[in-house]
Amino acid sequence: MNKLLFKSVSNRLTIFALPLMLLWGYKELQTQLIQPQAILVLGGSTERLEREKFTATFAKQHPNIPIWISGGSPAVPTKKVFAKKGVDLKRLHLDYDAQDTVTNFTTIVDELEARKIKKVYLITSDFHMRRATVIGEIVLGSRGIDFKPVPVPSAEKSPEPIGKSFRDGVRSILWLTTGYTGAKGEQPKE
């Protein structure tokens, strides 16, 4: 009896797990086959402009795709970083509408979708990537935009607390359902 019960439970788990494994495999294959069409940088690095410097070097390896920087450093120092690396400044799209990590995504997703961008390189600090990935899966994923994480090495030893990822995941779902992110000082959409 116990052997039969175990076999039955095992079969049920296999039936439920198989579609999930196939979906995961499909997403992995899709991620490998589709080349990113843009670079999305989450602003907010320090005064040393680590994310911007990393991205300028990275952009040299991907010379034909546009670069969006959402929030973060002032325009003049940011442009100097890219110019110094020889990156054409016409590729840069600086967006200062974001107030935090959730709005880094929500303020730019419409423009990416309008330009028919289906995959981006997502650049942010390594300790920040878990939270960015959660938000990106929800916000970018809601528009059919996939991303390839590219973490910027930092001195931080561990990722941000998981609570921040959970909180911002909930805020991202709130944005999907209501159009609001819960960001401080957020204005109603017109």
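For the structure given in this document, a descriptive report is provided here. (Residues numbered from 1 in each chain as written. Predicted model: local features only at pLDDT ≥ 70, side-chain atom pairs only at ≥ 80, totals over all residues. Heavy atoms only, no water.)

**A look at the nonpolar core**
In this structure, Leu 40, Trp 68, Phe 105, Leu 112, Val 120, Leu 122 and Leu 140 are the most contacted members of the largest nonpolar core, which totals 20 residues. Looking at this core, the elements that each hand over two or more residues are β1 (38-42), α4 (101-106), α5 (109-114), β4 (119-125) and α6 (129-139). Top contributing element to this core by residue count: α6, with four residues. In contact with Leu 122, not counting residues within four places along its chain, are Leu 40, Leu 42, Phe 105, Met 129, Ala 132, Phe 147, Lys 148, Pro 149 and Val 150. (Core = buried A, V, L, I, M, F, W, Y, C linked by side-chain atoms within 4.5 Å. Buried < 20%, exposed > 50% of the residue type's maximum accessible area, 1.4 Å probe, protein only. Helix = DSSP H or I, 4+ residues; strand = E, 2+ residues; numbered from the N terminus. Contact = heavy atoms within 4.5 Å.)

**Looking at helix α7 (residues 162-178)**
Spanning 17 residues, α7 covers 24 Å between terminal C-alpha atoms, matching the ideal 24 Å at 1.5 Å per step. Along α7, the positions that sit buried rather than exposed are Ser 165, Asp 168, Gly 169, Arg 171, Ser 172 and Trp 175. All buried residues of α7 project into a common sector of 165° when viewed along the axis, lining one side. For α7, exposure combined with an orientation more than 90 degrees from the buried face picks out Ile 162, Phe 166 and Thr 177. (Expected span 1.5 Å × (residues − 1). Arc of directions from axis to C-beta.)

**Notes on a nonpolar patch on the surface**
A contiguous nonpolar surface patch, about 320 Å² in accessible area, is contributed by Leu 18, Met 21 and Leu 22. Residue placement: Leu 22 occurs in helix α1 (residues 2-33). (Patch = residues over 30% accessible without salt bridge, like charges linked within 9 Å, V, L, I, M, F, W, Y side chains within 5 Å. Areas by Shrake-Rupley, 256 points an atom, 1.4 Å probe, with all protein chains shown as cover. Salt bridge = Lys/Arg side-chain N within 4 Å of Asp/Glu carboxyl O.)

**Concerning the sheet that holds β1**
With respect to topology, five strands assemble into an open sheet ordered β3-β2-β1-β4-β5, the strand pairing being parallel. Bordering the open sheet on either side are β3 (92-95) and β5 (146-152), each of which pairs with just one other strand. Across the sheet, the mean angle from the axis of one strand to that of its neighbour is 20°, orientation sign disregarded. Running over the sheet, helix α3 (residues 75-84) touches β2 (67-70) and β3 and is turned about 155° from β3. (Pairing = 2+ DSSP bridges. Axes fitted to C-alpha atoms, helices over the stretch in contact; angles between N-to-C directions.)

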